[in-house]
Amino acid sequence: FPSHDMAIISSAIVIPSVENLLPHKREFIIYEASFSDIFGILFFNYLIAEEGISIESGVLYGFNIVWSLLLSVVVALGLIYLLSRITLHLKYFLLFAVLLVLYAAGKLLHLPSLLIILFFGLFINNRNIIRPRIIVEGIPQRMFDEVENNLKSITAETAFLIRTFFFILFGYSMNVDIFGQEEVWITGSMVILALLVIRFIYLRFVQSQKNTMPELLLMPRGLITILLFYSIPQQFKLSTFNNGILFFVILITSVLMMVGIMTAEKKGSSSNLNDEAIGEIV
């Protein structure tokens, strides 16, 4: 379970930090972090479920995921239709309230709430490729644009809030004495090295990227890692595991992310503009 927790990338930390990266690199990081968080949490919940790991429980969990996708489409259409009929300037808070209700409803119905919200966002942002078109026919384009802008505002502000409180609490709870332990340095360094090697192999040979930077370093662990770690049932916990390893990995991966962001090529840079100019000439 500790290894599973440390495999999940913190989307709340990395996504707001890649705003100025080149579009294709930013898109990869956003999708990677989002799916890492959501499917990591789903797999964790599946592992600790009372039903245990079996074919029946796997089929049931898969059915819940499909049901969640259908529910997200219905809720998205209902919300857009509702917003199109409202003339008051209260849509921002209404959208925020709907997202909270959506999350709570998923919990009450034992459905993966994060997956519902993810596909709700995908539905809003990719309405032009929805088929059949009758699903969105009659809903003005401006309504989609307004919901999308409100979602972006909510995401940016809540992500800032989460990052701020997380690092304050993380710094407050961390005991600096752990960095004097040889086990923490050796094991933590091995974990980070394994993450970098696996990530490099994936980026270089699966994604076929010639330049693996800065994606190679953008793999911070954060709030989800800590929450899942402390949510591990007592019977699954390793009595010999040193909690300092977890804090070490979180801290070092955050530093690596900072280095990656600082050294990354930004959109609008001179080299990028030159490439675009050459492309236009050709």
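Here, every reference points to the structure presented above.
Residue numbering note: each chain is counted from 1, following its sequence as written. In keeping with the predicted nature of the model, local features appear solely for residues at pLDDT of at least 70, side-chain atom pairs appear and are counted solely at 80 or more, and the whole-chain, interface and lining totals rest on all residues. Each side-chain value is derived from all of the structure's non-hydrogen atoms; neither hydrogens nor water enter the calculation.

Asks: Would you take a moment to explain the overall build of the protein chain for this structure?
Replies: Each helix is a run of H or I in the DSSP string that is no shorter than four residues. Each strand is a run of E no shorter than two, and both are numbered from the N terminus. A tally of helices and strands in the protein chain yields eleven helices and zero strands. Ordering the α and β elements of the protein chain from the N terminus gives α-α-α-α-α-α-α-α-α-α-α. Burial analysis of the protein chain (282 residues in total) assigns 39% to the buried set. Contact between two residues is taken to exist if any of their heavy atoms lie within 4.5 Å; hydrogens are not considered. For the protein chain, contacts bridging at least 24 residues in sequence account for 73% of all contacts bridging at least 6. Put simply, the protein chain shows about 16500 Å² of open surface, and 68% of that area lies on carbon and sulfur atoms. In this scheme, a residue with accessible area under 20% of its type's maximum is buried, one over 50% is exposed, and one in between is partly exposed, where area comes from a 1.4 Å probe on protein chains only. Exposure was quantified through the Shrake-Rupley algorithm and a 1.4 Å probe, taking into account, for residues, occlusion by the shown protein chains and nothing else.

Asks: Would you mind going over unusual backbone geometry with me for this structure?
Replies: In terms of backbone geometry, most residues other than glycine have negative phi values and most peptide bonds are trans. Put simply, Met213 and Pro214 share a cis peptide bond, and its omega is 5 degrees. The phi torsion at Ser208 lies on the positive side, around 60 degrees, for a residue other than glycine. Among the structural elements, Ser208 can be located in the loop between helix H8 (182-206) and helix H9 (223-230). Overall, Ser208 belongs to the exposed group, its relative accessible area being 54%.

Asks: Would you mind showing me how to read the side chain of Arg199 here?
Replies: Take Arg199: it is sitting in helix H8. Throughout this description, a polar contact denotes any pair of N or O atoms lying within 3.5 Å of each other; where both atoms belong to protein, one of them has to be capable of donating a hydrogen while the other can accept it, and for residues adjacent in sequence the pair is counted only when both atoms sit in side chains. At 3.4 Å, the side chain of Arg199 forms a polar contact with the backbone oxygen of Leu216. Aside from chain neighbours lying at most four places away, what touches Arg199 is Ile9, Ile29, Glu32, Glu215, Leu216, Leu218 and Met219.

Asks: It is not clear to me how a nonpolar patch on the surface should be interpreted in this structure. Could you clarify?
Replies: A patch consists of residues exposed above 30% relative accessible area that lack any salt bridge, with like charges linked at up to 9 Å and nonpolar side chains (Val, Leu, Ile, Met, Phe, Trp, Tyr) linked at up to 5 Å. Any Lys or Arg side-chain nitrogen located within 4 Å of an Asp or Glu carboxyl oxygen qualifies as a salt bridge. Residues Leu60, Phe63, Val66, Trp67 and Leu70 make up a contiguous nonpolar surface patch of roughly 520 Å² in combined accessible area. Here Leu70 lies in helix H4 (residues 55-84). You can call Leu70 exposed: its relative accessible area is 51%.

Asks: For this particular structure, what's the right way to read the nonpolar core?
Replies: Among soluble globular proteins, nonpolar side chains are generally buried collectively. In this text, buried Ala, Val, Leu, Ile, Met, Phe, Trp, Tyr and Cys residues form a nonpolar core when linked through side-chain atoms within 4.5 Å. With 37 residues, the main nonpolar core has Val14, Val18, Phe170 and Leu218 as its most contacted residues. Mapped by element, the contributors of at least two residues to this core are helix H2 (11-14), helix H3 (23-47), helix H7 (141-173), H8, H9 and helix H10 (243-263). Ranked by size, the runner-up nonpolar core spans eight residues in total, among them Leu95, Phe120, Val147 and Ile154.

Asks: Where do I start with the packing of H9 against H10 in this structure?
Replies: In a pair of packed helices, the angle between the axes and the distance between the axes together describe the arrangement. Note on geometry: axes are lines fitted to C-alpha atoms, helical ones only across the stretch in contact, with angles between N-to-C directions running from 0 to 180 degrees. Viewed as axis vectors pointing N to C, H9 and H10 meet at an angle of 165 degrees, and their least axial separation amounts to 10 Å. As the angle between them shows, H9 and H10 are arranged roughly antiparallel. The two elements H9 and H10 cross, and the hand of that crossing is right-handed. Contact with H9, carried on its side by Thr225, Ile226, Phe229 and Tyr230, involves Asn243, Leu246, Phe247 and Ile250 of H10 and no other residues of that element. When its residues are assigned to classes, the contact of H9 with H10 shows six nonpolar, two polar and no charged. Here the word oblique covers every angle except those under 35 degrees (roughly parallel), over 145 (roughly antiparallel) and from 65 to 115 (roughly perpendicular). Here a crossing is called left-handed whenever its near helix is offset anticlockwise from the far helix by less than a right angle, and right-handed whenever the offset is clockwise. Residues are grouped as follows: Ala, Val, Leu, Ile, Met, Phe, Trp, Tyr, Cys and Pro are nonpolar; Asp, Glu, Lys and Arg are charged; all remaining types, including Gly, are polar.

Asks: I keep staring at the packing of H7 against H10 and nothing clicks. Help me out?
Replies: Put simply, H7 and H10 touch, their axes get as near as 12 Å, and they point 135 degrees apart. Taken as axis vectors, H7 and H10 run oblique relative to one another. As H7 runs across H10, the sense of the crossing is left-handed. Facing H7, whose interface residues are Phe166, Phe167, Phe170 and Ser173, H10 presents Phe247, Ile250, Leu251 and Ser254.

Asks: Explain the pattern of salt bridges to me, please; I cannot follow it from the model alone.
Replies: When their charged atoms lie close together, side chains carrying opposite charge are able to pair. Within this structure, the stated rule accounts for two salt bridges. Lys25 is the salt-bridge partner of Glu215, the closest N and O atoms lying 3.1 Å from each other. With Glu215 in the loop between H8 and H9 and Lys25 in helix H3, this residue pair connects regions lying 190 residues apart in the sequence. Classification of Glu215 by relative accessible area gives buried; the value is 1%. Residue class for Lys25 comes out buried when judged on its relative accessible area of 9%. One salt bridge connects Arg199 with Glu32, and the closest N-O pair in it is separated by 2.6 Å. Within this pair, whereas Arg199 is found in helix H8, its partner Glu32 is found in helix H3, the two being separated by 167 residues in sequence. Note on accessibility: Arg199 and Glu32 belong to one class, buried.

No statement about biological role is implied by the geometric values presented.
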